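Listed here are the chains, written in short residue letters.
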Amino acid sequence: MKASPSSNKMKTEILAMILAGGKGSRLGKLTQKIAKPAVPFGGRYRIIDFTLSNCINSGITKVGVVTQYQPLALNNHIGNGSSWGFDGLNSGVTILQPYSSNDGSKWFEGTAHAIYQNMDYIDQEDPQYVLVLSGDHIYKMDYEAMLEDHKANNASLTVAVIEVPMEEASRFGIMNTDENDRIIEFEEKPEEPKSNLASMGIYIFNWSRLRSVLLNSYKKDDQMLDFGKHVIPAYLESGENVFAYRFDGYWKDVGTIDSLWEASMEFIDPAHNLNIRDKNWRVLAKNTISPPHFLTESADVKNSLVVDGCYVAGEVEHSILSNDVQVKEGAKVVDSVIMPGATIGKNVQITKAIIGENAIIGDDAVVDGTEEIAVVGYSEVIGVLTSESE
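So, a few notes on the structure that sits alongside this text. (Residues numbered from 1 in each chain as written. Predicted model: local features only at pLDDT ≥ 70, side-chain atom pairs only at ≥ 80, totals over all residues. Heavy atoms only, no water.)

**Considering helix H7 (residues 227-237)**
Then, in step 1: Buried residues of H7: Phe227, Gly228, Val231, Ile232 and Tyr235, and no others. With its buried residues spanning 110 degrees around the axis, H7 presents them on a single face. For H7, the exposed residues lying more than 90 degrees away from the buried face are Lys229 and Glu237.
Then, in step 2: Between a side-chain oxygen at the N-terminus of H7 and the backbone nitrogen of glycine 228 the separation is 2.9 Å; the capping residue is aspartate 226. (Buried < 20%, exposed > 50% of the residue type's maximum accessible area, 1.4 Å probe, protein only. Helix = DSSP H or I, 4+ residues; strand = E, 2+ residues; numbered from the N terminus. Arc of directions from axis to C-beta. Polar contact = N/O pair within 3.5 Å; in protein donor to acceptor, adjacent residues only side chain to side chain.)

**Observations concerning helix H8 (residues 257-268)**
Then, in step 1: For H8, with 12 residues, the first-to-last C-alpha span of 17 Å sits near the 16 Å given by 1.5 Å per residue.
Then, in step 2: Burial analysis of H8 places 9 of its 12 residues in the buried class, which makes it a mostly covered element.
Then, in step 3: Along H8, the residues that are buried comprise Ile257, Ser259, Leu260, Trp261, Ala263, Ser264, Met265, Phe267 and Ile268. (Expected span 1.5 Å × (residues − 1).)

**A word on the pairing of strand E14 (residues 242-246)**
Then, in step 1: Of all 5 residues in E14, 4 are buried, a share of seventy percent or more.
Then, in step 2: As paired elements, strand E10 (residues 157-163) and E14 share 5 bridges and run parallel to each other. Among the inter-strand pairings, valine 161 is bridged to a residue of E14, identified as arginine 246. (Pairing = 2+ DSSP bridges.)

**Observations concerning the pattern of salt bridges**
Then, in step 1: Applying the stated criterion across every chain, the model contains 15 salt bridges.
Then, in step 2: The partner of lysine 62 in a salt bridge is glutamate 125, and the shortest N-O contact between them spans 3.0 Å. Of this pair, lysine 62 sits in strand E4 (residues 62-66) while glutamate 125 sits in helix H4 (residues 119-125), placing them 63 residues apart in sequence.
Then, in step 3: Under the relative-accessibility criterion, glutamate 125 is labelled partly exposed at 22%.
Then, in step 4: Put simply, glutamate 168 and arginine 171 hold a salt bridge, and the shortest N to O gap is 3.3 Å.
Then, in step 5: Judged by relative accessible area, glutamate 168 falls into the partly exposed class, the value being 31%. (Salt bridge = Lys/Arg side-chain N within 4 Å of Asp/Glu carboxyl O.)

**Some words on the nonpolar core**
Then, in step 1: Val63, Leu131, Leu133, Met141, Ile202, Leu260 and Ile354 are the most contacted members of the largest nonpolar core, which totals 65 residues.
Then, in step 2: With 7 residues, H8 is the largest single contributor of residues to this core. (Core = buried A, V, L, I, M, F, W, Y, C linked by side-chain atoms within 4.5 Å.)

**Topic: the sheet that holds strand E16 (residues 294-295)**
Then, in step 1: Within the open sheet, the 6 strands sit side by side as E16-E19-E22-E25-E28-E31. Their pairing is parallel. Looking along the sheet, the strands with just one partner apiece sit at the ends: E16 and strand E31 (381-382).

**Regarding the sheet that holds strand E23 (residues 332-334)**
Then, in step 1: Pairing is parallel across the open sheet formed by 5 strands, whose spatial order is E17-E20-E23-E26-E29. Strand pairing shows two members of the sheet lacking a second neighbour, strand E17 (300-302) and strand E29 (366-368), which therefore form its edges. Strand-to-strand twist across the sheet, computed as the mean angle between neighbouring axes with direction ignored, equals 5 degrees.
Then, in step 2: Direction of pairing for strand E20 (residues 315-317) relative to E23: parallel, over a ladder of 3 bridges. When the bridges of E23 are listed, glutamate 317 appears paired with valine 334. (Axes fitted to C-alpha atoms, helices over the stretch in contact; angles between N-to-C directions.)

**Some thoughts on the pairing of E4**
Then, in step 1: Of all 5 residues in E4, 5 are buried; the element is thus mostly enclosed.
Then, in step 2: Of the two faces of E4, the one holding Lys62, Gly64 and Val66 and the one holding Val63 and Val65 are both buried throughout.
Then, in step 3: The pairing of strand E1 (residues 14-19) with E4 spans 4 bridges and is parallel. Within E4, the residue paired with alanine 16 across the bridge is valine 63.
Then, in step 4: As paired elements, E4 and strand E5 (residues 92-96) share 5 bridges and run parallel to each other. Its bridge partner being in E5, glycine 64 is matched across the sheet by threonine 94.
Then, in step 5: In this fold, the crossover linking E4 to E5 by way of helix H2 (residues 72-78) has right-handed handedness. (Right-handed = clockwise from strand over helix to strand, strands pointing away.)

The following block contains the structure:
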């Protein structure tokens, strides 16, 4: 049973740690100035909003967000967590960044290393369980249900898994289980996978045990840097109770241009499995205050999402216009994502593209991603500008 966002049931029981420091190099121009979890998605959100919303909807009110690469936009976006309801009594979001100490630099070298480096923060919160999450996936998930499963199995570690097509299984970390879903073997991107249960990068650990494992490992200089490569195999080798938690909802890793574009196009559909209009499980976000969007007499908008602050005088079909986007007369935008603040000049033709924040596409320019998804970066200028297209 899902806890309400106001529930205090889990406040001291479980702490969420969101790993949000990834560079996201496969997103190319889109992450040159911001971390991947801060990349806009769906017109009104940033990618990390889905994980933060899952936490508050699951009744988890204490969250640490581990940042590293280009954290400014992400930090500003999260703030004190009030947009998600983390600013109440016995709740809060803490931004955790690398730092230097007498022991030297504290740069995070992997997922497990990031948790180890923030052990003081976790000890301060003193949770029984630690929920480790990624900040760059699009999905809705009830973490409380996963915790109940973890308890019922008397598990030391529970790994969320999702079934993927067998032909794609070699791209993932694969969990092989027995008839009770106890994990008996982990294979990292196997050439010949034995199952299709792919790790989602979502873990629940008994904190006392994980703490002991990490401390003992680093004392011996046997550094456990990554959960997938080091910690999970160590748990299995030592005979820990490690179980899989099967998730059957919508989940998308938007770590590549193709997957980000594909997830965005799917998001347009009102019947999307993510069910963004579900009032019982809202996806919350920090939104800028913009005037209502305006469609001129010449505007022609079909099957698209148009957010506050947009000015549309051209043609838009099966696309997403984020807040404060301008599409001028004669322009045509098809199968594309236009991120916040971008300006599309007169008579511009855009097809199958992702246009970055505050980019400017000058009059008469053509951005064609028919063969390969076209990408225009943050504040990038394409074409020749006129006084009207700036």
